[in-house]
Each structure stands twice: as structure tokens, then as C-alpha cells.
Amino acid sequence: MNLVIKGKELQLYFSKEQLNHMVVKIANQISADYQERHPIFIGVLNGAFMFMADLIRAVDPQLKFQIDFIKLSSYEGKESTGIVKALSGLKNDIKGRHVIIIEDIIETGLTITAVIEEMKKLEPASVKLCACFLKTGKQKINIQPDYLCTEIEDKFIIGYGLDWDEYGRGLDQLYYIQ
Ligand SMILES: O=P(O)(O)OC[C@H]1O[C@H](OP(=O)(O)OP(=O)(O)O)[C@H](O)[C@@H]1O
Ligand code: HPA
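Residues numbered from 1 in each chain as written. Chains lettered and ligands numbered in written order. Predicted model: local features only at pLDDT ≥ 70, side-chain atom pairs only at ≥ 80, totals over all residues. Heavy atoms only, no water.

**Q** Looking at this model, I keep getting lost on the state of the cysteines. Mind explaining?
**A** The bond known as a disulfide is covalent and runs between the sulfur atoms of two cysteines. Applying the stated rule across the entire model yields 0 disulfides. Free of any disulfide, Cys-130 has its nearest neighbouring cysteine sulfur in Cys-149, separated by 6.5 Å. Residue classification places Cys-130 among the buried residues on the basis of a relative accessible area of 0%. Free of any disulfide, Cys-132 has its nearest neighbouring cysteine sulfur in Cys-149, separated by 3.9 Å. (Disulfide = S-S within 2.5 Å. Buried < 20%, exposed > 50% of the residue type's maximum accessible area, 1.4 Å probe, protein only.)

Below, the structure is given as C-alpha cells:
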């Protein structure tokens, strides 16, 4: 059955299996890089919730880590407002900690740049960026994630935590609209 949101038919971009394969690969890299360093994974809400849940379940069960979340928002409908609003903050003191920021998508790079700037003020030992998707050709600020599932074309994507006006976040595969 075709999936339709706001009158637009969704096209499959990545299947569950393809997403899982990419997530497991970077979870293995993180597990190898962070042995003995007790990292703290900080998810950027809302979009990162599904990617973060899958990533966390795929890291080495022996790895000692914490999780936390930060909530920001800049998109209304399909467009960035260009204004990044910090809505709520961290529960943990990250001073001296090894932070891995978990983001669903980097498009202009404005959101993640604001997040990294905020994090650095809190004097962590290190900050690395782990992103699920990087939309090519859209960056206003050049950001290269330390861990990345995949680059994607310039299409509006939905599912796997990402929404279109709050529709579609729960889809467990990635779709795009024409
Ligand atoms: O690189 P950028 O152009 O800044 O876009 C990326 C950001 O946009 C989306 O968040 P959004 O503001 O839509 O909030 P949400 O995560 O709650 O959907 C997405 O989750 C990223 O955080
Ligand atoms: O393509 C996208 N889809 C959903 N949310 C987004 N936030 C930035 N880019 C996107």
C-alpha cells in the first residue's frame, strides 16, 4: 500500500535493512574508538530519537556510557527558519567528558553548529559528531561528521525520526517526497 502524507506519495529511499546495516557499521566504529572512555551520547531532539535508539542498541554492550538529550528546533514545514531555538538543556554535567552528539540530519549545518558551540562552552574533554544523514550541496556551514551513516541527495526526507510538519516520524524506513 502506498504511503501518502498531505496528499504526496512517499517514495522509499532506504529500507529497514539498509538503515540497520549503516547504523551497525558506525556503532561498531564508535565501540572500538571509545573503549575505556565512558562517552556520553547526546541526542538532538526530536529527530534523532529513532536513530539514537537503534545506535545505542547496536553499540558494544560492554561499553560504559551515558545518554542525554538536547532539544532545539529550526524547521517549520519543509524550510529552515534559519533561527535555531534552544528549548531545553542537558541533565548531565559534561565538563571533562567525551561527548558524542547524535543528530538525524545535517542540511544547512546551522542547527548542529549551534549545538556544538553550546557544548563547547561546557568544557567537555572532546566533542565528536555522529549523524545519520548529510544532505549534499545544502550546507551554509561546512560540517563533516566524525561518524556518518550516509550522504543523501537534495530531497526532502521523511521517516526514521524525521517529520514533515510532524507527520511521518514513526516510519521505520526512510522515504522522500518528490
Ligand atoms: O542542518 P539544518 O538545516 O539546521 O537542519 C537539520 C536540523 O533540522 C531538523 O530539526 P528541526 O528543527 O526540524 O527539529 P526536529 O528535530 O524536532 O524535527 C533536524 O532534526 C536537524 O536537527
Ligand atoms: O529533509 C528533511 N526532512 C525532515 N526534516 C529535515 N530537517 C532538515 N532537513 C530535513
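**Q** I would appreciate a short explanation of the site of ligand 2 in the present structure.
**A** By nearness alone, 9 residues border ligand 2, and Glu-107, Lys-135, Phe-156, Ile-157 and Asp-163 come closest of all. In this structure, Glu-107 approaches ligand 2 through a side-chain N or O atom, which is 2.6 Å from a nitrogen atom. Between ligand 2 and the protein, one listed contact pairs an oxygen atom with a side-chain N or O atom of Lys-135 at 2.8 Å. Within the shell around ligand 2, the residues separate by chemical class into 5 nonpolar, no polar and 4 charged. (Near = heavy atom within 4 Å. Polar contact = N/O pair within 3.5 Å; in protein donor to acceptor, adjacent residues only side chain to side chain. Nonpolar A, V, L, I, M, F, W, Y, C, P; charged D, E, K, R; others polar.)

**Q** Help me out: how do you make sense of the pairing of strand β8 (residues 126-135) in this one?
**A** Residues in a regular strand project their side chains so that they alternate between the two faces of the sheet. Of all 10 residues in β8, 8 are buried; the element is thus mostly enclosed. The pairing of strand β7 (residues 98-106) with β8 spans 8 bridges and is classified as parallel. Residue pairing in the sheet places His-98 in a bridge with Ser-126 of β8. Handedness of the β-α-β unit built from β7, helix α3 (residues 110-121) and β8 comes out right-handed. (Helix = DSSP H or I, 4+ residues; strand = E, 2+ residues; numbered from the N terminus. Pairing = 2+ DSSP bridges. Right-handed = clockwise from strand over helix to strand, strands pointing away.)

**Q** Can you help me understand helix α1 (residues 16-33) in this one?
**A** A rise of 1.5 Å per residue sets the reference length of α1, with its 18 residues, at 26 Å; its end C-alpha atoms lie 26 Å apart and thus fit the reference within 8%. Taken as a whole, α1 has its buried residues at Leu-19, Met-22, Val-23, Ile-26, Ala-27, Ile-30 and Ser-31. (Expected span 1.5 Å × (residues − 1).)

**Q** Please clarify how the packing of aromatic side chains should be interpreted in this entry.
**A** Both the distance between ring centres and the angle between the ring planes are used here to describe each pair of aromatic rings. According to the stated counting rule, one finds 4 aromatic pairs in the structure shown. Ring centres 6.5 Å apart and planes at 5° place the aromatic pair Phe-14 and Phe-133 in the stacked group. Placement of Phe-14 in strand β3 (residues 11-14) and of Phe-133 in strand β8 is noted, with a sequence separation of 119 residues between them. With relative accessibility at 13%, the residue Phe-14 sits in the buried group. The exposure class assigned to Phe-133 is buried, which follows from its relative accessible area of 0%. For the ring pair Phe-41 and Phe-65, a centre distance of 5.2 Å and an interplane angle of 90° mean the geometry is edge-to-face. Of this pair, Phe-41 sits in strand β4 (residues 40-45) while Phe-65 sits in the loop between α2 (49-58) and β5 (66-76), placing them 24 residues apart in sequence. For Phe-41, a relative accessible area of 0% gives the class buried. (Phe/Tyr/Trp six-rings, centres within 6.5 Å; stacked < 30°, edge-to-face > 60°.)

**Q** Just to check I follow, could you spell out the nonpolar core for this structure?
**A** Generally speaking, a soluble globular protein has its nonpolar side chains buried in company with each other. Counting residues in each nonpolar core, the largest one holds 32 residues, and the members touching the most others are Phe-51, Leu-55 and Phe-133. Where this core is concerned, the elements lending two or more residues are β3, α1, α2, β7, β8, β9 (147-152) and β11 (174-177). It is α1 that contributes the most residues to this core, 6 residues altogether. Excluding residues that lie within four positions of it along the chain, Phe-133 makes contacts with Phe-14, Leu-19, Asp-104, Ile-105, Ile-106, Leu-148, Thr-150, Ile-152, Ile-157, Tyr-160, Leu-162 and Leu-174. Within the second largest apolar cluster, 17 residues are counted, among which are Ile-40, Ile-94, Val-115 and Ile-116. (Core = buried A, V, L, I, M, F, W, Y, C linked by side-chain atoms within 4.5 Å. Contact = heavy atoms within 4.5 Å.)

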